[in-house]
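# What the coordinates show
Here is how the chains run, residue by residue.
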Amino acid sequence: MLLTSALPGIDTKPIEEETVHKTIGSGFLAINIDTIINLLIVSVIFLIGAWVLRRQLRRDRPSRFQVIVEMIIDFLNGLIRDTLGTKPINIAPLAISLFTFLLLSNWFGLIPFLFFKSPYFFKSPTNDVNVAFALAIMSIVLLHIYSIRFRTPKGYVKHYFSVVTPRWLGPWGWTRVVFAFLELIQEISRPITLSFRLYFNIFVGELMLVLIIVLLSYASVIAGPVWVGFSIFVGAVQAFIFTMLTIAYIAMGTETAHSDDEHAEGATAAAH
Amino acid sequence: MDKALLLGMSAIAAGLMLGLGALGAGIGDGLVSSRTVEGTARQPEARGSLLTLMFIGVGLIEALPIIGLGIALLLLFANPLLSKLP
């Protein structure tokens, strides 16, 4: 895809390199090769970090690295306990690895790359919408699997028709079908919002970094670090929000239909 | 002529997108932060959980103007409509 620039007199090649992914193949089967390379690099860093951590685990005198990882794990464990309560869902390993992986990949693109910048290396893997969407689909499929397992297939289908509509909206069956349709739209929109929120935050963070370097030339010495600091904050917050929303969706999706039904019946009786 | 019109329209669209997005997000961020400060003043021991909730809220709010910023930057620097001109 050829993109023409609107800026005369400024070398816009870095901007285009940042915006357009290098692909192998064409059309529907195109593979973003730079994303795959960066994903592999981040995964290797992740695995090496885990291996180093495993080697120097100490019970009596923990190293600084171990203390940081323990803080993250404690924090997320407490969060999961608060959100899920006593439900028998073992989501903690997934949530912790998701958070650390997203944190690494969001920060990966912020490594100062001014002098050895190439279109292939040192971009965040998450500045590709495909990666973000894949992670979001993973979370949502997991949500539906847990939802079916906890509510039973019948209760899962019934849940869509469980919205209590006010009496003046019309007869019960008809409005419930309409509201089931709306619920379905909500379910479909979940992975889209989840992935786009992550993708656009990281993508814009890096694009702004390149823009600052290209457009401000020497003033970027001041503006660059400020934006990098903000991007570090945004990357951490977005990684946390992705994890948190995964947990919260699963907690919402596994509320048993039992209490739901009683509530609905009570409301129906009150409306009559 | 067409190109100039398209570029001008894109610049206006980008400005509107950024301005209106920042307006809404600013109001939302202000509300969230002020309520967090109120809650912390009322119950200082709940500061930790309130701060976590505030960051979730601010992150959710900030995503929308940043999506707007992304589309505005796309319009300004890599306009996909320019290549569609005859």
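One can find the structure itself at the top, above this paragraph.
First, a word on what this report is: a plain description of the structure on this page. (Residues numbered from 1 in each chain as written. Chains lettered and ligands numbered in written order. Predicted model: local features only at pLDDT ≥ 70, side-chain atom pairs only at ≥ 80, totals over all residues. Heavy atoms only, no water.)

### Some remarks on the interface of chain B and chain A
How big an interface is tends to be stated in terms of the accessible area lost upon association of its parts. The cut-off we apply is this: Whether two residues are in contact is decided by their heavy atoms: any pair within 4.5 Å suffices. The quantity reported as buried area is the accessible area (1.4 Å probe) lost by two parts once they are put together, taken as the sum for both. The salt bridge criterion pairs a side-chain nitrogen of Lys or Arg with a carboxyl oxygen of Asp or Glu, the two atoms within 4 Å. Polar contact criterion, stated in full: a pair of N or O atoms within 3.5 Å, where within protein one must be able to donate a hydrogen and the other to accept it, and residues adjacent in sequence count only if both atoms are side-chain atoms. A run of H or I in DSSP counts as a helix once it spans at least four residues, and a run of E counts as a strand once it spans at least two, with each numbered from the N terminus.
The interface is formed by 21 residues belonging to chain B together with 26 residues belonging to chain A. Taking both partners together, chain B and chain A bury about 2,000 Å²; carbon and sulfur atoms supply 82% of that area. Linking chain B to chain A there are zero salt bridges. If you look at where chain B meets chain A, you find zero residue pairs in polar contact (both at pLDDT 80 or more). Considering each element in turn, the side of chain B that touches chain A owes the most residues, 15 residues, to helix H2 (residues 47-77) of chain B.

### Quick look at the packing of helix H1 (residues 2-42) of chain B against H2 of chain B
Residues and elements named next belong to chain B. The condition that has to hold: Angles here are taken between N-to-C directions and fall from 0 to 180 degrees, while the axes themselves are lines fitted to C-alpha atoms, restricted in helices to the stretch in contact. Angles are sorted into four bins: roughly parallel if under 35 degrees, roughly antiparallel if over 145, roughly perpendicular if 65 to 115, and oblique for all others. Think of it as three bins: nonpolar holds Ala, Val, Leu, Ile, Met, Phe, Trp, Tyr, Cys and Pro, charged holds Asp, Glu, Lys and Arg, and polar takes everything else, Gly as well.
Axis separation between H1 and H2 bottoms out at 8 Å; the angle between their running directions is 175°. Compared by their axis directions, H1 and H2 come out roughly antiparallel. By residue class, the composition of the contact of H1 with H2 is 18 nonpolar, eight polar and three charged.

### Digging into helix H2 (residues 33-55) of chain A
Residues and elements named next belong to chain A. Rule in force here: In a helix, the anticipated span is given by 1.5 Å times the number of residues less one. Remark: exposure states derive from per-residue accessible area (1.4 Å probe, protein chains only) relative to the maximum for the residue type, with buried under 20%, exposed over 50%, and partly exposed in between.
Given a rise of 1.5 Å per residue, 23 residues ought to cover 33 Å, and the 33 Å separating the end C-alpha atoms of H2 matches this to within 8%. By the burial criterion, the buried members of H2 are Asp 34, Thr 35, Asn 38, Val 42 and Leu 53. On its buried face, H2 is in contact with strand S2 (31-32), helix H3 (64-84), helix H4 (92-108) and helix H5 (129-160).

### Points about the packing of H3 of chain A against H4 of chain A
Residues and elements named next belong to chain A. Basically, it comes down to this: It is the rotation of the near helix from the far one that decides the hand of a crossing: anticlockwise by less than a right angle makes it left-handed, clockwise makes it right-handed.
Running from amino to carboxyl end, H3 crosses H4 at an angle of 130°, the nearest separation of the two axes being 10 Å. As far as their axial angle goes, H4 and H3 are oblique. As for how H3 packs across H4, the hand of that crossing is right-handed. Touching Ile 72, Ile 73, Leu 76, Asn 77 and Ile 80 of H3 are Ala 92, Ala 95, Ile 96 and Phe 99, all from H4. Split into classes, the residues belonging to the contact of H3 with H4 amount to eight nonpolar, one polar and no charged.

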